[in-house]
Amino acid sequence: MRPALRGPRAVVIGGCDRHAAGVSVPARSTRRDPWHELSGAERVVAVLAAAGWTNIAIADRRGTSVRTTEAQLAAVLRKLVIGSRREIIEFVPDELLPDVRYEAGRRAPRRRRYHRTRT
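In this text, all values refer to a predicted model and were calculated from it rather than measured experimentally.

Conventions and cut-offs
Residues numbered from 1 in each chain as written. Predicted model: local features only at pLDDT ≥ 70, side-chain atom pairs only at ≥ 80, totals over all residues. Heavy atoms only, no water. Helix = DSSP H or I, 4+ residues; strand = E, 2+ residues; numbered from the N terminus. Contact = heavy atoms within 4.5 Å. Core = buried A, V, L, I, M, F, W, Y, C linked by side-chain atoms within 4.5 Å. Buried < 20%, exposed > 50% of the residue type's maximum accessible area, 1.4 Å probe, protein only. Polar contact = N/O pair within 3.5 Å; in protein donor to acceptor, adjacent residues only side chain to side chain.

Peer 1: Could you clarify how one ought to interpret the environment of Ala 50 in this entry?
Peer 2: Assignment of secondary structure puts Ala 50 in helix α2 (residues 40-50). As for Ala 50 and Arg 86, which are separated by 36 residues in sequence, their C-alpha atoms are 6.4 Å apart. In contact with Ala 50, other than residues within four places in its own chain, are Ile 88, Ile 89, Val 92 and Val 100.

What follows is the structure, given as structure tokens:
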């Protein structure tokens, strides 16, 4: 026999009403700005991505691997609940917009991939 579940897990599994179970649910209007839910590293990656930097250029600039940058960018998109890096700019606080413009001017040129041809 399984022990009875208590708390929020019981609400999800048992399917009972959250209010009847005494679980308080904060109103959406009191939720913090999603930008402030990002870690410091995620904010830096978000600013550089909003400025048009590629993942490779962001990784080079920060001294991290491309996979780390990809993971941080994925976390940014998930936390901001958006589908593409082009939408990040809508969440950047006004006081950071000059940083985005500055980084856009400093953006590293895109690397071109050259394929060797057989001769």
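Peer 1: Is there a simple way to explain the nonpolar core in this structure?
Peer 2: Side chains of a nonpolar character, in soluble globular proteins, are inclined to be buried together. Residues Trp 35, Leu 38, Ala 46, Trp 53, Ile 58, Val 76 and Ile 88 are the most contacted members of the largest nonpolar core, which totals 19 residues. Among the elements of the structure, α2, α3 (55-62) and α4 (66-80) are those that each provide at least two residues to this core. What Ala 46 contacts, discounting residues up to four positions off in sequence, is Trp 35, Leu 38, Val 76 and Ile 88.

Peer 1: Can you help me understand the side chain of Glu 42 in this one?
Peer 2: Positionally, Glu 42 belongs in helix α2. Polar contacts involving the side chain of Glu 42 include one to the main-chain amide nitrogen of Ser 39, which spans 2.9 Å. For Glu 42, the contacting residues outside a window of four places in its chain are Glu 37, Gln 72, Ala 75, Val 76 and Lys 79.

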